[in-house]
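# Observations on the three-dimensional arrangement
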Amino acid sequence: MLLNRKELIVKTNFSQYPIQIGNGLRHEIGSKVAHYQNVLIVTDKNVAPLYLDEVKKSFSSQQSVASFILPAGEASKSMEWYSKLLDACIAENLDRKSLIIALGGGVVGDLAGFVAATYMRGIDYVQMPTTLLAHDSSVGGKVAINHPEGKNMIGSFHHPVLVLYDIDMMATLPHQEVRSGYAEIIKEACLDDQELFMKILSIKPGELIENQGFPQHLYKGMAIKASIVEIDEKEYGVRKYLNFGHTLGHAIETELGYGKITHGEAVAVGMLFAMWVSERIYGCSLPIQELKTWMKHQGYPIDDWNELENQALISRMKKDKKALDGMIHMVLLKEIGSPSVQAIDEKALLKHLQDFRSE
Ligand code: NAD
Ligand code: MG
């Protein structure tokens, strides 16, 4: 897993920040943010014993560095932990010139980012992703916590000042978390890069992060996400494409109950369905069977939703943020690299779902 260090610059209307990807970067964070006197590192119970000490050691004795450890898992994106983290910011005397570092997956990044967005009307923060899925969540500035009535209901747009991605930290990730993150890279390839898509399909079973191309796939995926966010920061237009695979994916994730299947694994099934609908609507031909076979070989649990009922899934899809005037807006593909948003009515979608599942 060796990669010459790569840097991407994300430019949005109001901010500009680098994404640095490479080996061993966790040992360098301190010197990269040496101008901050007061730093709070937010992480979770799984990540802390693995990497927190190494990250802390990279700071100089001139800097005050505290840490805050969350329970691992989605439940930490709550009002309760938001409030506790704010208490910690006050207890550590963080001011407007202080820095928060999110060392973890999307859960840590979303919560710590939302605290950074709101504490003293917004302070700087750095994303240090430790999961593969967080290549997606750490870029684009969406930060949020959940409400009992819905995921990411309370949030903001607040970009980090730096994304520092030490890919060596992926080595300790459980397999299903690796699959989850790779599914989002496949999504990015589907939206913009046929060559990347084909390269991913050539990865041998069980070698997702072991394959030599992994760092390059990650870099390209992040570059695609960054380029979409640059054009449409607040999701009025092309940013919607990033929901490819998420219409059915979200429905499966919520119907099965969080934790049964990872987000990316559910999106993987959602992408197969979206491709299938694309063929029906646009008359195009997509590599669905190849992707499905590859997913099976890589251990994606693509049959775990077999027990779920079509009507229940359709109801979930209707509740999706993307549903408007009774129509469900799905991201489809005209070919790999060419996405399009299509409004589909409930009846037609139900028929597609029935046909897709009976094939
Ligand atoms: P996560 O943060 O819960 O991490 C998954 C699991 O891996 C956790 O148990 C964590 O403790 C563990 N872990 C993390 N790094 C590890 C490492 N290096 N070694 C071993 N274990 C490690 O989940 P996630 O999949 O990273 O992120 C999911 C969250 O991201 C969701 O809440 C989702 O809403 C959010 N998200 C946000 C955006 C956005 O744009 N803001 C985009 C996509 C997803
Ligand atoms: Mg997603």
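Definitions and cut-offs
- Residues numbered from 1 in each chain as written.
- Chains lettered and ligands numbered in written order.
- Predicted model: local features only at pLDDT ≥ 70, side-chain atom pairs only at ≥ 80, totals over all residues.
- UniProt positions renumbered as here; feature names shortened; annotations may be inferred.
- Helix = DSSP H or I, 4+ residues; strand = E, 2+ residues; numbered from the N terminus.
- Rg over C-alpha atoms; globule rule 2.2 N^0.38 Å.
- Buried ≥ 20, exposed ≤ 12 C-beta atoms within 10 Å, placed from the backbone.
- Near = placed C-beta within 6 Å.
- Nonpolar A, V, L, I, M, F, W, Y, C, P; charged D, E, K, R; others polar.
- Pairing = 2+ DSSP bridges.
- Axes fitted to C-alpha atoms, helices over the stretch in contact; angles between N-to-C directions.
- Parallel < 35°, antiparallel > 145°, perpendicular 65-115°, else oblique.
- Left-handed = near helix turned anticlockwise from the far one by under 90°.
- Contact = placed C-beta atoms within 7 Å.
- Expected span 1.5 Å × (residues − 1).

In the nomenclature of an unreviewed UniProt entry, the protein corresponds to 3-dehydroquinate synthase from the organism Thalassobacillus hwangdonensis. Here is the UniProt Function (unreviewed entry) comment for the protein, exactly as written: "Catalyzes the conversion of 3-deoxy-D-arabino-heptulosonate 7-phosphate (DAHP) to dehydroquinate (DHQ)." Per UniProt, the protein carries the Subcellular location (unreviewed entry) text "Cytoplasm".

Within the protein one finds 13 helices and 11 strands. In terms of overall dimensions, the protein is globule-like: its C-alpha atoms have a radius of gyration of 20 Å, near the 21 Å expected for 359 residues. Taken along the three principal axes of its C-alpha coordinates, the protein extends 65 × 40 × 35 Å. Counting over 359 residues, the protein shows a buried share of 45%.

What follows is about the site of ligand 1. Near ligand 1 there are 29 residues, and of these Asn46, Gly105, Gly106, Thr131 and Ser137 occur at the shortest range. Those elements that provide at least two residues to the shell around ligand 1 are helix 4 (106-118), helix 5 (134-137) and helix 6 (175-192). Here the residues of the shell around ligand 1 are counted per class, giving 9 nonpolar, 13 polar and 7 charged.

All right, on to the pairing of strand 11 (residues 338-345) then. Pairing analysis gives 8 bridges linking strand 10 (residues 327-335) to strand 11, with the strands arranged antiparallel. Residue pairing across strands places Leu333 opposite Pro339, the latter belonging to strand 11. Following strand 10, the chain reverses through 2 residues before pairing antiparallel with strand 11; Gly337 in that reversal takes a positive phi of roughly 100°.

The subject of this paragraph is the packing of helix 9 (residues 246-256) against helix 10 (residues 263-282). For the pair helix 9 and helix 10, interaxial distance at closest approach is 7 Å and the crossing angle is 135°. Comparing the axis directions of helix 9 and helix 10 gives the class oblique. Judged by the twist between their axes, the crossing of helix 9 over helix 10 is right-handed. Here His246, Thr247, Leu248, Gly249, Ile252 and Glu253 of helix 9 come into contact with helix 10, specifically with His263, Ala266, Val267, Val269, Gly270, Phe273 and Ala274. Broken down by class, the residue content of the contact of helix 9 with helix 10 amounts to 7 nonpolar, 5 polar and 1 charged.

The next thing to look at is the UniProt feature "binding site: Zn(2+)" (unreviewed entry) in the protein. Following the UniProt record, the feature "binding site: Zn(2+)" (unreviewed entry) maps to Glu184, His246 and His263 here. In summary, the annotated positions, though distributed over 80 residues, converge in three dimensions, the widest C-alpha pair being only 10.1 Å. Once you skip the residues sitting within four places of it in the chain, Glu184 turns out to touch Leu133, Asp136, Gly221, Gly264 and Val267. Tracing the backbone shows His246 in helix 9.

Moving on, we get to helix 10. Because each turn of an α-helix spans 3.6 residues, side chains separated by three or four positions end up pointing in the same direction. For helix 10, with 20 residues, the first-to-last C-alpha span of 27 Å sits near the 28 Å given by 1.5 Å per residue. Burial analysis of helix 10 places 16 of its 20 residues in the buried class, which makes it a mostly covered element.

Despite not being glycine, Met120 has its phi angle at roughly 50°, a positive value. One can find Met120 in the loop between helix 4 and strand 6 (124-129). The class for Met120 is partly exposed, based on 13 C-beta atoms found within 10 Å. Located in the positive-phi region is Arg121, a residue other than glycine, with phi close to 65°.

As a further point, take the environment of Ala274. Mapped onto the secondary structure, Ala274 falls in helix 10. In this structure Ala274 comes out as buried when scored by C-beta crowding, with 27 C-beta atoms within 10 Å. Taking the C-alpha atoms as reference points, Ala274 and Leu353, separated by 79 residues in sequence, lie 10.0 Å from one another. Once residues lying within four places of it in the same chain are set aside, the contact partners of Ala274 are Phe244, Gly245, Thr247, Met330, Val331 and Leu332.

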